[in-house]
Amino acid sequence: MEIIEKAPAKINLGLDVLYKRDDGYHELEMIMASIDLADRLTFTPIKDERIIIETNSGFLPTDRKNNIFQAIEAMKKHYQFKGGAHVTLQKNIPVAAGLGGGSSDAAATFRGINRLYNLQADFEDLKQLSIPIGTDIPFCMEGKTALVTGLGEIVTPLSQALPQCWVVLVKPRVSVSTPRVFSKIDVDELGHPNITALKNAIENQDYNELTQHLGNSLETYTSAKFPVVQLIKEKMLQFGADAAVMSGSGPTVIALCDKHSRALHVANSLKGFCQEVYIVRTLNK
Ligand code: C5P
């Protein structure tokens, strides 16, 4: 038996850090959307208890440090099923990029193992299991376009997907550690995007309004550390993007364009500058 799951990347159209909580996590308010850039995971059962991960990515550990491994271990502990799994990960989403690749792989693993061992797992239970592994996993389990709050566990789907547009992603050759960013920021010095205005713009399908309200509290910190982030953003706007913002803790910058020809122009213009450039759309379903 073989189970295949797709793991779509996510983008942050808005990310606001509200405050640091007593448990050390940060209270967030985000607008997130899944995109049509995805990893592909194949699951096959193993009779003994081993967890074996194979991947085409040279960047990822395949042991306990891997989110897929941790997700299977958490499920085995919680659901007490007998047997292991062989997972093949075809990695297409850039790693340590702010695109939620690791979280989406873990979410796909929860779905895949649930199907493989017919666990009939409760969605809320899986969400609880996921948080210590990655705070973007609850969103990745639901996908689409959502308001995400708390430390990432409260996912409220929006009534509408993004208005028709193209998204250009540019990932510079630097890797950002999310724990490091959160441990270094001074919450009192952060800017605050208007997440309510962003949410309303999407629900009203108002593209112009949407482009006015993209924003990310973490962008100033990551850009100061990696000036290339700001440079990419400036170039995207210079080449005609309607708006641009860093995704997650970075370093990927996303640009919105209402016309495909404009998105192509932005992407082609950035290709001489960065190797990893994609034109994607958000997922509606
Ligand atoms: O999402 P992920 O689990 O990869 O986050 C990595 C780290 O970032 C967390 O362990 C935590 O230190 C920090 N973080 C935070 N507040 C959040 C999400 C993540 O402080 N809401």
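Okay, the site of the ligand next. As a structural note, the neighbourhood of the ligand is formed by G24, Y25, H26, L28, G134, T135, L151, T178, P179 and F182. Between the ligand and H26 there is a distance of 2.8 Å, counted from an oxygen atom to a side-chain nitrogen or oxygen. One nitrogen or oxygen atom from the side chain of T135 is found 2.4 Å from an oxygen atom belonging to the ligand. Of all the secondary structure elements, the ones that give two or more residues to the shell around the ligand are β2 (26-46) and α5 (178-184). With three residues, the top contributor of residues to the shell around the ligand is α5. For the shell around the ligand, the class distribution of residues is five nonpolar, five polar and no charged.

Okay, the domain arrangement of the protein next. Domain parsing of the protein yields domain 1 (3-157) and domain 2 (166-280). Here the C-alpha centre of domain 2 lies 23 Å away from the C-alpha centre of domain 1. Contacts between the two partners involve 27 residues from domain 1, matched on the other side by 34 residues from domain 2. Buried area between domain 1 and domain 2, both sides added, is near 2200 Å², and the carbon and sulfur share of it is 69%.

Looking now at the packing of aromatic side chains. With the rule as written, the count across this model stands at one aromatic pair. Stacked on the ring of F226, the Lys or Arg K225 has its end atom at 5.6 Å from the ring centre. Of note, K235 hangs over the ring of F273, and the distance from its end group to the ring centre comes to 4.9 Å.

How each quantity is defined
Residues numbered from 1 in each chain as written. Predicted model: local features only at pLDDT ≥ 70, side-chain atom pairs only at ≥ 80, totals over all residues. Heavy atoms only, no water. Near = heavy atom within 4 Å. Polar contact = N/O pair within 3.5 Å; in protein donor to acceptor, adjacent residues only side chain to side chain. Helix = DSSP H or I, 4+ residues; strand = E, 2+ residues; numbered from the N terminus. Nonpolar A, V, L, I, M, F, W, Y, C, P; charged D, E, K, R; others polar. Domains from an automatic or database assignment. Contact = heavy atoms within 4.5 Å. Buried area = accessible area lost by both parts, 1.4 Å probe. Phe/Tyr/Trp six-rings, centres within 6.5 Å; stacked < 30°, edge-to-face > 60°. Lys NZ or Arg CZ within 6 Å of the ring centre and 35° of its normal.

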